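Structural overview for review
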Amino acid sequence: MTSTPTVLDALVIGAGPAGIGTALALASVDGLVFGVLERGEIGQTFLDWPAEQTFLTPSFTGNGFGATDLNAVHPETSPAFSLGVDYPSGRQYAAYLRGVAKHFHVPILDGTEATSVTPRDGGFEVLSERGSVLARSVVWAGGEFGDPSTPRITGHSLLDHSSGPAAWAPHPGDVVVIGGYESGIDIACHHVQQGAHVTVLDYQTPWDAGTGSDPSFRLAPRSRMRLLGALATGRLTLTAAQAVKVSKTSQGYATRLGDGDVVTSDSPPIAATGFGPGLGPVADLFATREDGWPELDEDDQSTITPGLFLSGPTIRHRGLKFCFVYKFRQRFAHIARIIGERADKNVDALEAWRAAGMLTDDLSCCGVDCAC
Ligand SMILES: Cc1cc2nc3c(=O)[nH]c(=O)nc-3n(C[C@H](O)[C@H](O)[C@H](O)COP(=O)(O)OP(=O)(O)OC[C@H]3O[C@@H](n4cnc5c(N)ncnc54)[C@H](O)[C@@H]3O)c2cc1C
């Protein structure tokens, strides 16, 4: 923590890219007193990624020409530069985050889980096993990795979620993957490469090109290239169908489809069905949208708890998803500006984030519509 004030201007919970990035933007505002709590280590989620998993958004040091590395969390940094790779693994990206936090002296208390957040006296009291912290604003940056979602179908407890090591372990024979967007295609290609026969089930057929240009709604080019390679082996089947039931059989596992067909596998089917919002101790402090995601005002603040902000891939505004680093980092400096202005500080330095293509405060201009 920075010095020992009785009340911080802001407390950030979580030291992943969202938490570190927001803290760095807060540090751009002279005189703000803030800290970061992290229950594990810096970049813990990336340390927990299966070893085989890598980023799908490429890193490239375009900094200086207005094209800041897509995976950077600060305008003057680039994972491509510091790591020397374009698609970092989880361990590599955690090393980048550690390096950035160290270089900019981000005040982080690690090994400290925030267990409750209570609005109090116009601010918040945050409890951890180390005691209580008072802060005027709280930024929840706890990520979604701790909240894997599985489909609500009969037998769902038999599924292995794609975020866990069991799903990535060798799977000889026939494999079923439920969910055909990025994580489903990723793990399907992995098992095809290992020699398995894989069936991917998804009634929405997200592997089709689709019509929009937003990478949140269509497969990344790298995933498409890997998909073509996997299809060429003849061991990958993409099926437009909904899984409705999973059961164990004497031979392995059976996945029943909506049309009554059954697909068998030698191992538990893999649920590549994404994540929930993962709001942990702040879940009750946000209203919920119809689609289940937290309701935010134009400043990424809870609509029912003023002073509580959300940073990271869980941000949704209307039809926009901020699920990649290059998207949700657009809001670090915006949140820092709101917190800085409330504390009556000069926030001009945050304009450097805009110059680096890392600040969007007008949400009406985020649509992606490429001509070709
Ligand atoms: C499999 C997978 C692949 C992805 N690939 C890409 C990609 O290629 N490119 C891209 O841009 N994005 C990608 N993403 C999106 C990804 O969600 C983000 O890039 C990133 O992990 C989110 O950052 P975050 O800081 O919000 O959350 P996290 O990185 O999950 O960090 C949250 C941190 O908060 C800590 N924490 C949680 N609860 C508490 C608590 N109560 N108290 C204290 N600390 C707490 C956690 O330990 C963790 O360190 C991917 C996501 C997944 C799951």
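Attention in this report is confined to the structure presented alongside it. Computed from a prediction, not measured in an experiment: that's the story for all the values here. (Residues numbered from 1 in each chain as written. Predicted model: local features only at pLDDT ≥ 70, side-chain atom pairs only at ≥ 80, totals over all residues. Heavy atoms only, no water.)

If you tally the helices and strands in the protein chain, you get ten helices and 17 strands. The globule rule puts the C-alpha radius of gyration for 372 residues at 21 Å, and the 21 Å found for the protein chain is close to it. If you line up the protein chain on its principal axes, its C-alpha atoms span 65 × 45 × 35 Å. When burial is assessed residue by residue, the protein chain has 51% of its 372 residues classed as buried. As displayed, the protein chain offers around 16800 Å² of accessible surface, 52% of which is attributable to carbon and sulfur atoms. (Helix = DSSP H or I, 4+ residues; strand = E, 2+ residues; numbered from the N terminus. Rg over C-alpha atoms; globule rule 2.2 N^0.38 Å. Buried < 20%, exposed > 50% of the residue type's maximum accessible area, 1.4 Å probe, protein only. Areas by Shrake-Rupley, 256 points an atom, 1.4 Å probe, with all protein chains shown as cover.)

Quick look at the sheet that holds strand β13 (residues 262-265) now. Strand order in the open sheet formed by three strands is β11-β12-β13, and the pairing between neighbours is antiparallel. One side of each edge strand has no neighbouring strand; the edge strands of this open sheet are β11 (243-248) and β13. Averaged over neighbouring strand pairs, the angle between their axes works out to 20 degrees when direction is ignored. With four bridges joining them, strand β12 (residues 253-257) and β13 adopt antiparallel strand pairing. Within β13, the position partnered with Y253 by the bridge is S265. (Pairing = 2+ DSSP bridges. Axes fitted to C-alpha atoms, helices over the stretch in contact; angles between N-to-C directions.)

Glancing now at the sheet that holds strand β10 (residues 236-239). Ordered in space as β7-β14-β8-β9-β10, the five strands form an open sheet in which the pairing is parallel. Edge positions in the sheet fall to β7 (160-161) and β10, since each of these pairs with one other strand and no more. Here strand β8 (residues 174-178) runs beside strand β14 (residues 270-271); their pairing, made up of two bridges, is parallel. In the strand pairing of β14, V177 is matched with I270.

Let's shift gears to the site of the ligand. Around the ligand, 33 residues are found, and the nearest of them are E38, T45, Q53, L56 and V325. P17 places a polar main-chain atom, nitrogen or oxygen, 3.2 Å from an oxygen atom of the ligand. At 3.5 Å, a side-chain N or O of E144 approaches an oxygen atom of the ligand. Put simply, the parts of the chain that give the shell around the ligand at least two residues each are α1 (17-27), α2 (44-48) and α8 (325-328). Broken down by element, the residue count for the shell around the ligand peaks at three residues, all from α2. (Near = heavy atom within 4 Å. Polar contact = N/O pair within 3.5 Å; in protein donor to acceptor, adjacent residues only side chain to side chain.)

Of the two faces of β13, the one holding V263 and S265 is buried and the one holding V262 and T264 is not buried anywhere. From the end of β12 to the start of β13, which pair antiparallel, there are four residues, and G260 there has a positive phi angle of about 95 degrees.

Considering soluble globular proteins, one finds that nonpolar side chains tend to be buried as a cluster. Counting 68 residues, the largest nonpolar core has I20, V73 and W353 as its most contacted members. Counting 19 residues, the second largest nonpolar core, distinct from the first, contains I185, C189, V192 and I270. (Core = buried A, V, L, I, M, F, W, Y, C linked by side-chain atoms within 4.5 Å.)

Looking now at the pattern of salt bridges. In the structure shown here, the tally under the stated rule is twelve salt bridges. Among the salt bridges present, the one from E351 reaches R337, with a minimum N-O distance of 3.8 Å. Here E351, found in helix α10 (residues 351-355), pairs with R337, found in helix α9 (residues 332-342); they are 14 residues apart in sequence, far enough to count as distant. Among the residues examined, E351 registers a relative accessible area of 37% and is labelled partly exposed. One salt-bridge network, held together by shared partners, links R337, E351, R354 and D361. (Salt bridge = Lys/Arg side-chain N within 4 Å of Asp/Glu carboxyl O.)

Moving on, we get to the pairing of β12. Within β12, four of the five residues are buried, which leaves it mostly tucked inside the rest of the structure. Between β11 and β12, which pair antiparallel in sequence order, lie four residues.

It is worth spelling out unusual backbone geometry at this point. Phi at T205 is positive, roughly 40 degrees, even though this residue is not glycine. Relative to the elements of secondary structure, T205 occurs in the loop between β9 (197-201) and α7 (221-232). Residues other than glycine seldom take positive phi values, yet R318 does so here, at roughly 45 degrees. Of note, R318 is situated in the loop between β16 (316-317) and β17 (320-321). The exposure class assigned to R318 is exposed, which follows from its relative accessible area of 54%.

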